[in-house]
Each structure stands twice: as structure tokens, then as C-alpha cells.
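What the coordinates show
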Amino acid sequence: MAITQATLGTSSTTLYTSVGNTAITVISFCNTSAGPVVFDLHVVPDGGTLDGTNIVYKTVSVTATDTYIIDTERYVLSNGDSIRALDDTGAVMVATVSYVSL
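Calculation rules
Residues numbered from 1 in each chain as written. Predicted model: local features only at pLDDT ≥ 70, side-chain atom pairs only at ≥ 80, totals over all residues. Heavy atoms only, no water. Helix = DSSP H or I, 4+ residues; strand = E, 2+ residues; numbered from the N terminus. Rg over C-alpha atoms; globule rule 2.2 N^0.38 Å. Buried < 20%, exposed > 50% of the residue type's maximum accessible area, 1.4 Å probe, protein only. Contact = heavy atoms within 4.5 Å. Areas by Shrake-Rupley, 256 points an atom, 1.4 Å probe, with all protein chains shown as cover. Pairing = 2+ DSSP bridges. Axes fitted to C-alpha atoms, helices over the stretch in contact; angles between N-to-C directions. Phe/Tyr/Trp six-rings, centres within 6.5 Å; stacked < 30°, edge-to-face > 60°. Core = buried A, V, L, I, M, F, W, Y, C linked by side-chain atoms within 4.5 Å.

The subject of this paragraph is the overall build of the chain. Broken down by element type, the chain carries zero helices and nine strands. Reading the chain from its N terminus to its C terminus gives the helix and strand order β-β-β-β-β-β-β-β-β. For 102 residues, the compact-globule estimate of 2.2 N^0.38 gives 13 Å, and the chain sits close to it at 13 Å. Put simply, the chain has 102 residues, and 44% of those count as buried. Counting only contacts in the chain whose residues sit at least 6 apart along the sequence, the fraction spanning at least 24 positions is 80%. Surface exposure of the chain reaches about 5100 Å², of which carbon and sulfur atoms provide 53%.

Written as C-alpha cells, this is what we have:
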């Protein structure tokens, strides 16, 4: 198992791009700010763009200094597929993606 981390911005932030076939096991979003932050999460096919057809979580609010954990879904990705997110504040939400190679 491996992890990758990124701080979200107000435009699309790539959290992870699959190399080969991989499965996402957990994604967490930690709000490091003193106020609530809202994020969107997309699972984007190789060569695709961020749009309404690949959004999987929309306007999820995370209260100040709290963490939102996605651990019930398993996203299986092919080579080049990506996990991308953005928030309404920028520079305060840290995302951690845990994945395994298949």
C-alpha cells in the first residue's frame, strides 16, 4: 500500500494518477483552517477533463479542524485515470490518498 498527499486549491488539483491498474482504498480530507471548507471530488478517466459527468462527491462541507474520510467505496483505476479535487478556499484542505497496485 502507498500514499500520496496534496493540498487542494480552488481549481482542479490532481491527487493521484494511476500507473497501471490500482485500487484506491481510502481518501481523507483534513481541514486545517478555523472555518468550514467545501470540496468536490472527481474520478476522471484517462484523457478526460473535470466535469459534471465524473463528479463523485459534490459540495461536501468539512467543519473547522475536522477530517472527512472516504473508506467504503473502492475505486479501481486503469493506467492514466486520476483522482482530482478542488475546494472553495484553497491552501487549507489536505487530501491523502491510499492505494494499492493490482
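Backbone-to-backbone hydrogen bonds join strands into a sheet, with any given pair of strands oriented parallel or antiparallel. Strand order across the open sheet formed by four strands is 2-8-4-5, with antiparallel pairing between neighbours. Two strands in the sheet have a free side with no partner beyond their single neighbour: strand 2 (13-17) and strand 5 (55-62). Shown here is a sheet whose adjacent strand axes are inclined to one another by a mean of 20°, direction ignored. The sheet contact formed by strand 2 and strand 8 (residues 82-87) spans four bridges and is antiparallel. Note on strand 8: the bridge partner recorded for T17 is S82.

Let us look at the packing of aromatic side chains. Centre-to-centre distance and the angle between the planes together describe a pair of aromatic rings. Using the criterion set out here, one finds four aromatic pairs in the structure. Measuring from ring centre to ring centre gives 6.2 Å for Y57 and Y68, while their planes differ by 75°; the resulting arrangement is edge-to-face. Of this pair, Y57 sits in strand 5 while Y68 sits in strand 6 (residues 67-70), and the two are eleven residues apart along the sequence. A residue is classified by how much of its surface remains accessible, and Y68, at 29% relative accessible area, is partly exposed. Here the aromatic cluster, defined as three or more aromatic residues joined through ring pairs, consists of F29, F39, Y57 and Y68.

Relative to the helices and strands, S11 resides in the loop between strand 1 (2-7) and strand 2. Spatially, the C-alpha atoms of S11 and I83 are 14 Å apart, while their sequence positions differ by 72 residues. Among residues more than four places away in sequence, those in contact with S11 are A85 and L86.

Glancing now at the nonpolar core. L15, I24, F29, F39, L41 and I83 are the most contacted members of the largest nonpolar core, which totals 24 residues. Elements with a contribution of two residues or more to this core: strand 2, strand 3 (22-31), strand 4 (37-44), strand 5, strand 7 (75-77), strand 8 and strand 9 (93-101).

We now examine the pairing of strand 3. Of all ten residues in strand 3, eight are buried, a share of seventy percent or more. As defined by bridge partners, strand 3 adjoins strand 7 across three bridges and the pair is classed as antiparallel. Its bridge partner lying in strand 7, A23 is registered against V76. Bridge analysis of strand 3 against strand 9 gives nine bridges, and the strand direction is antiparallel. In the strand pairing of strand 9, S28 is matched with T96.

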